[in-house]
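# Architecture and fold: a report
What follows is the residue order along each chain.
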Amino acid sequence: MATVFKQQKDKKDKAEGIVTKSSDDKIFKNKQRVLLLSSRGINSRQRHLLTDLGNLLPHSKKDAKLDSKSKLYIINELADLNNCNNCIFFEVRKRQDLYMWISKTPNGPSMKFHVQNIHTMEELKMTGNCLKGSRHILSFDKNFESTPHWMLMKELFTQVFGVPKTSRRIKPFIDHVISFSIVDNRVWFRNYQITEKPIEHRSPTDTTDLTLVEIGPRFVMNPIRTFDGSFGGQTAFENPEFISPNVARAHIRNAKANRYKDRMEAIAKRDAKMKDAVLPDDPLSDKNVFA
């Protein structure tokens with residue numbers, strides 16, 4: 001009976017990521033895995049961005065496109081089937097607006113972002129290059145420690161984008177840095193390669209021979225909401241400054257319509273004024289000369 005109990009306990013510890021050295025010594029083993037998938041209607045640039053994120057995260061797994069945009073709780077089951085405890089979901093609206101969900105499955109929390117200013121690796125064509133499957137350093141702006149929702153976002157980014165040492169597909173090198181910066185209440189994502197400075201470009205007072213070269217991808221994430229559950233639940237934080245892309249396009253269309261309306265009203269007033277105006281009789285007109 002004791003043997004059966006010990007076997008069941010070992011299975012439970014293995015599922016929770018705990019490696020047992022002895023009866024009293026336990027070492028936590030980081031087993032973060034990320035599921036990458038998108039919805040239908042994704043365009044080429046957004047698909048290339050998803051591919052770039054998959055190349056940067058060797059502990060990620062890709063799944064087929066999701067047909068439904070309303071039943072997002074299905075993603076929790078997909079993550080469980082793929083043995084993943086994190087998820088990055090690209091939700092595309094009207095084949096142009098990209099929303100990115102980052103969630104801790106299956107219990108949450110989850111965050112929804114509006115992704116703007118997308119530039120992929122192939123599009124940037126920069127000189128830097130990092131080893132595929134290598135680990136990276138996560139760099140966060142000091143503003144992430146200012147408010148609770150930024151602190152929660154930092155912890156979520158750390159668990160999703162942080163590559164575990166025990167991942168099977170990683171290479172034992174750290175040659176690039178992923179930077180998260182807060183500017184204008186938006187999160188700016190940048191990726192830099194760690195390279196050595198050429199000897200001819202080093203100054204005598206320079207104490208380091210390392211430099212950073214941006215290699216992409218780059219994009220900006222505008223936070224919308226934070227939920228206490230995975231892909232739903234009660235709202236823990238809502239961005240009051242967020243303006244929906246549909247509302248922004250409606251304002252642009254209304255501004256164009258108002259300019260056209262003002263121009264047509266000015267033309268109508270000019271025609272009415274010309275019609276009511278009484279011009280003096282010209283003595284050199286054809287009517288007076290050939291009368």
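Since the structure is predicted, the reported quantities are computational estimates derived from the model, not experimental observations.

Conventions and cut-offs
- Residues numbered from 1 in each chain as written.
- Predicted model: local features only at pLDDT ≥ 70, side-chain atom pairs only at ≥ 80, totals over all residues.
- Heavy atoms only, no water.
- Phe/Tyr/Trp six-rings, centres within 6.5 Å; stacked < 30°, edge-to-face > 60°.
- Helix = DSSP H or I, 4+ residues; strand = E, 2+ residues; numbered from the N terminus.
- Buried < 20%, exposed > 50% of the residue type's maximum accessible area, 1.4 Å probe, protein only.
- Lys NZ or Arg CZ within 6 Å of the ring centre and 35° of its normal.
- Pairing = 2+ DSSP bridges.
- Patch = residues over 30% accessible without salt bridge, like charges linked within 9 Å, V, L, I, M, F, W, Y side chains within 5 Å.
- Areas by Shrake-Rupley, 256 points an atom, 1.4 Å probe, with all protein chains shown as cover.
- Salt bridge = Lys/Arg side-chain N within 4 Å of Asp/Glu carboxyl O.
- Lys, Arg positive; Asp, Glu negative; His and termini not counted.
- Charge placed at Lys NZ, Arg CZ, Asp CG, Glu CD.
- Core = buried A, V, L, I, M, F, W, Y, C linked by side-chain atoms within 4.5 Å.
- Contact = heavy atoms within 4.5 Å.
- 1 Å grid on protein atoms, 1.4 Å probe; cavity = no way out; pocket = protein on both sides within 12 Å on 5 of 7 lines; lining within 4 Å.
- Points joined across faces, edges and corners; volume = space filled by probe spheres on them.
- Nonpolar A, V, L, I, M, F, W, Y, C, P; charged D, E, K, R; others polar.

Right, let's talk about the packing of aromatic side chains for a bit. What the rule picks out here adds up to 13 aromatic pairs. On the basis of an interplanar angle of 80° and a centroid distance of 6.4 Å, the ring pair of F89 and F231 is categorised as edge-to-face. You can see F89 sitting in strand β5 (residues 86-93) and its partner F231 sitting in the loop between β12 (218-229) and β13 (232-238), a full 142 residues away along the chain. Judged by its relative accessible area of 0%, F89 is buried. Here the aromatic cluster, defined as three or more aromatic residues joined through ring pairs, consists of F113, F140, F144, W150, F157, F161, F180, F189 and F219. The side chain of K112 reaches across the aromatic face of Y99, ending 4.9 Å from its centre.

Moving on, we come to unusual backbone geometry. For the bond from T105 to P106, the omega torsion is 0°, close enough to zero to count as cis. Backbone torsion omega between G108 and P109 reads 5°, so that peptide bond is classified as cis. Note that P109 resides in the loop between β6 (97-104) and β7 (110-119). Notably, N117 is not glycine yet its phi reads approximately 50°, a positive angle. Considering the arrangement of structural elements, one finds N117 in strand β7. Even without a glycine there, the phi angle at N185 is positive, about 60°.

Direction of pairing for strand β8 (residues 134-140) relative to strand β9 (residues 171-183): parallel, over a ladder of 7 bridges. By the bridge assignment for β9, H136 is matched with H176. Both β9 and strand β10 (residues 186-196) contribute to a ladder of 8 bridges, which runs antiparallel. Across the sheet, the residue bridging to I178 is N191, located in β10. Linking β9 back to β10 in an antiparallel pair, the connection comprises 2 residues, with D184 at a positive phi of about 55°.

On the surface, K62, K132, R168, R169 and K171 cluster together into a positively charged patch. Tracing the chain through its elements places K171 in strand β9. Judged by its relative accessible area of 32%, K171 falls in the partly exposed class.

Further remarks concern the nonpolar core. With 32 residues, the main nonpolar core has I88, F90, I102, F157, F161, F180 and F219 as its most contacted residues. Broken down by element, the residue count for this core peaks at 6 residues, all from helix α5 (residues 148-161). When sequence neighbours within four positions are dropped, the list of residues in contact with F157 reads I102, F113, L138, F140, F144, G162, F180, V187 and M221.

Once that is clear, we can look at the layout of surface pockets. Estimated volume of the second largest pocket: approximately 260 Å³. Taken together, 14 residues make up the lining of the second largest pocket; nearest its centre are R33, H59, T166, S167 and R168. Considering only residue class, the lining of the second largest pocket consists of 2 nonpolar, 6 polar and 6 charged.

Applying the stated criterion across every chain, the model contains 8 salt bridges. We note a salt bridge from E214 to R218, for which the minimum N-O separation is 2.8 Å. A relative accessible area of 15% means that E214 is categorised as buried. Because the salt bridges share partners, they merge into one network encompassing R190, E214 and R218.

Another point: the environment of G232. Within the fold, G232 resides in strand β13. On a C-alpha basis, the gap between G232 and K112 in space is 10.0 Å, while along the polypeptide they are 120 residues apart. Those residues in contact with G232 that sit more than four places away from it in its chain are S110 and F227.

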